[in-house]
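This is what each chain is made of:
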Amino acid sequence: LLDALKGTAAVLIGRWLAPEDGALIAGFAAFIGHILPVWLNFKGGKGVATFLGALFGLHWPTGLIFCAVWLGAAAIWRYSSLSALIASLVAPVALFVSGQGGAALVVGVMAAILWRKHRENIARLVAGEESRIGQKG
């Protein structure tokens, strides 16, 4: 929750300081800062929650679309990583269709980085070794 709020807060503060460009820059910076934190020798998280938080700050309907796609994919396949990857592909498309071209571009770049951070998960998915939601072990 705090990682998501970090993304939302950054976007809202950025928008306050420099309307639309500030929001995009701040959301991107919060995402990059989460996955590459200086104080942890550039070894951070995968960025899904911060990505989602930035989405809610940039265009809340797209944040809801991300959640709906994630929940649908999770219900069907029961893989959290796969659900996040699919939802991250839908988000820039939803932004573009909503007339948010600049946000679609930035979120598309963020999605590409998110996919890169998930390369080990992708390899486990392909090999059939990724753990499922609710699986013990």
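Up top is the structure these notes are about.
Okay, so let's go over this structure. (Residues numbered from 1 in each chain as written. Predicted model: local features only at pLDDT ≥ 70, side-chain atom pairs only at ≥ 80, totals over all residues. Heavy atoms only, no water.)

Note on placement: Leu1 falls in the segment before helix H1 (2–17). Leu1 sits 52 residues away from Gly53 along the chain, and the two C-alpha atoms are 8.7 Å apart. (Helix = DSSP H or I, 4+ residues; strand = E, 2+ residues; numbered from the N terminus.)

With that settled, the discussion passes to the environment of Ala10. Mapped onto the fold, Ala10 is located in helix H1. When the C-alpha positions of Ala10 and Leu58 are compared, they lie 10 Å apart, and in sequence the two are 48 residues distant. Setting aside residues up to four positions removed in sequence, Ala10 forms contacts with Ala26 and Ala30. (Contact = heavy atoms within 4.5 Å.)

Axis separation between helix H3 (residues 48–58) and helix H5 (residues 80–97) bottoms out at 12 Å; the angle between their running directions is 20°. Between H3 and H5, the interaxial angle falls into the category roughly parallel. Between H3 and H5 lies a crossing whose hand is left-handed. Contact residues: H3 offers Val48, Phe51 and Leu55, while H5 offers Ala84, Ser88, Ala91 and Leu95. Among the residues making up the contact of H3 with H5, the classes are represented as six nonpolar, one polar and no charged. (Axes fitted to C-alpha atoms, helices over the stretch in contact; angles between N-to-C directions. Parallel < 35°, antiparallel > 145°, perpendicular 65-115°, else oblique. Left-handed = near helix turned anticlockwise from the far one by under 90°. Nonpolar A, V, L, I, M, F, W, Y, C, P; charged D, E, K, R; others polar.)

Taken together, the side chains of Leu36, Val38, Trp39, Leu40 and Phe42 make up a nonpolar region of the molecular surface, amounting to roughly 580 Å² of accessible area. Tracing the backbone shows Trp39 in the loop between helix H2 (19–35) and H3. With a relative accessible area of 69%, Trp39 lands in the exposed category. (Patch = residues over 30% accessible without salt bridge, like charges linked within 9 Å, V, L, I, M, F, W, Y side chains within 5 Å. Areas by Shrake-Rupley, 256 points an atom, 1.4 Å probe, with all protein chains shown as cover. Salt bridge = Lys/Arg side-chain N within 4 Å of Asp/Glu carboxyl O. Buried < 20%, exposed > 50% of the residue type's maximum accessible area, 1.4 Å probe, protein only.)

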